[in-house]
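Residues per chain are reported as follows:
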Amino acid sequence: MDNELGVKKIGVVGCGVIGMSWTAYFLAKGFSVRATDPNPAAEARTREYVDNAWPLLERMGAAPGGKDRLFFSTDLIEAMDGVDFVQENGPERIDLKRTLFRDIANAIEPRVIVASSSSGIPVSDFQGASVHPERIVLGHPFNPPHVLPLVEVAGGKLTSPDVVDATVRFYARIGKKPVRMNREMKGHIANRIQAAVMREVLYLLAQDVASVEDLDIAIAHGPGMRWAILGQFLNADQGGGEGGIRHMMEHLGPAMEGWWADLGRNEHIAAEDIGLMERGVAKILERHDRAAIASARDSVLAQILQAKAAEDRLPY
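All figures in this text were calculated on a predicted structure; none of them were measured in a lab.

What counts and how
- Residues numbered from 1 in each chain as written.
- Predicted model: local features only at pLDDT ≥ 70, side-chain atom pairs only at ≥ 80, totals over all residues.
- Heavy atoms only, no water.
- Helix = DSSP H or I, 4+ residues; strand = E, 2+ residues; numbered from the N terminus.
- Rg over C-alpha atoms; globule rule 2.2 N^0.38 Å.
- Buried < 20%, exposed > 50% of the residue type's maximum accessible area, 1.4 Å probe, protein only.
- Contact = heavy atoms within 4.5 Å.
- Areas by Shrake-Rupley, 256 points an atom, 1.4 Å probe, with all protein chains shown as cover.
- Core = buried A, V, L, I, M, F, W, Y, C linked by side-chain atoms within 4.5 Å.
- UniProt positions renumbered as here; feature names shortened; annotations may be inferred.

**Q** Help me get a handle on the overall build of the protein chain, residues and values and all.
**A** Scanning the protein chain for helices and strands turns up 12 helices and eight strands. In terms of overall size, the protein chain behaves like a compact globule, its C-alpha atoms giving a radius of gyration of 21 Å where 316 residues would be expected to give roughly 20 Å. Projecting the C-alpha coordinates of the protein chain onto the three principal axes gives extents of approximately 55 × 45 × 45 Å. In the protein chain, buried positions account for 38% of the 316 residues. Long-range pairs, those at least 24 residues apart, make up 70% of the contacts in the protein chain between residues at least 6 apart in sequence. Summing over all exposed atoms, the protein chain offers an accessible surface of approximately 17600 Å²; the carbon and sulfur share of this is 56%.

**Q** Describe the nonpolar core, naming the residues involved and giving the relevant values.
**A** Core analysis: the largest hydrophobic core is formed by 35 residues, its most contacted members being Ile-10, Phe-26, Phe-85, Phe-170 and Tyr-171. Within the residue set of this core, elements represented by two or more residues are strand 1 (9–13), helix 1 (17–28), strand 2 (32–36), helix 2 (42–59), strand 3 (70–73), strand 5 (113–116), strand 7 (150–155) and helix 5 (161–173). For this core, the element with the most residues is helix 1, which contributes seven residues. Sequence-distant contacts of Tyr-171, defined by excluding residues within four places in its chain, comprise Trp-22, Phe-85, Gln-87, Ala-115, Gly-139, Val-151, Val-153, Lys-176 and Pro-178.

**Q** Explain the UniProt feature "site: Important for catalytic activity" (unreviewed entry) in the protein chain to me, and be specific about the residues and the numbers.
**A** As annotated by UniProt and renumbered to match this structure, "site: Important for catalytic activity" (unreviewed entry) occupies His-140. Within the secondary structure layout, His-140 lies in strand 6 (residues 136–141). When sequence neighbours within four positions are dropped, the list of residues in contact with His-140 reads Ser-116, Ser-117, Ser-118, Ser-119, Leu-150, Val-151, Glu-152, His-188 and Asn-191.

In structure tokens:
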């Protein structure tokens, strides 16, 4: 796919769930992918993941011959040979990321941008060990990235603003929905929102307000359906009628403040909390296959994305 950075070969470092999904997405967009992971079993796992994702990606318009453009090596230097862009997906540990980004920088040309899929660690915390820290940027996707378009982009203290701008444009050019963070925060944007929701549903579960399944139904068939179309602020604006978001906040604000005061204040996820969640999920999985749920989820997500793309009255 043509792009201003001239990217043709993409290096994918780390082939866990996120790295495999990125690999599938980049292949579907017509790029050659050079993937690496120190685990020798990662190649077979990655190729199997791409094979399983490909029918859905074909329905979403995948470029022909994509799976043939995947090269894999357990050797980082070999894998990064000739790449034009790098997507890092290593473990969520600062010490490992510092080492990994130092090694990546030593294996690529100075012009190459390195984007991190870090779920919550700010780029500033690990870019300093790199020989070219100005080329390191956050490119945090939402899981699974071969289906969901969101990518959160942010520069660290040593990142060039031009690199952040170019990264945003690159992701947009290849079909992603990048959002640029004005400043770094732990957890970035979407994961902080998810963490806030998780904190409250876990509190409701612990207080025996509802079961795991009913709490999930409440989200999936309530606010989750609206969130798939519009964000929190425009949904609130719609809820305010002709008075918009001001009327909504003035009308429901006092009640909302009361709800805020009553929200759960858990500071830790206790073992018994994990047990409650695990047992509730297990009850659901007694009736439904886990892999089939994931496949169905991705299929419905693709349909939602296609419906949104066809509706030109939506603002984003």
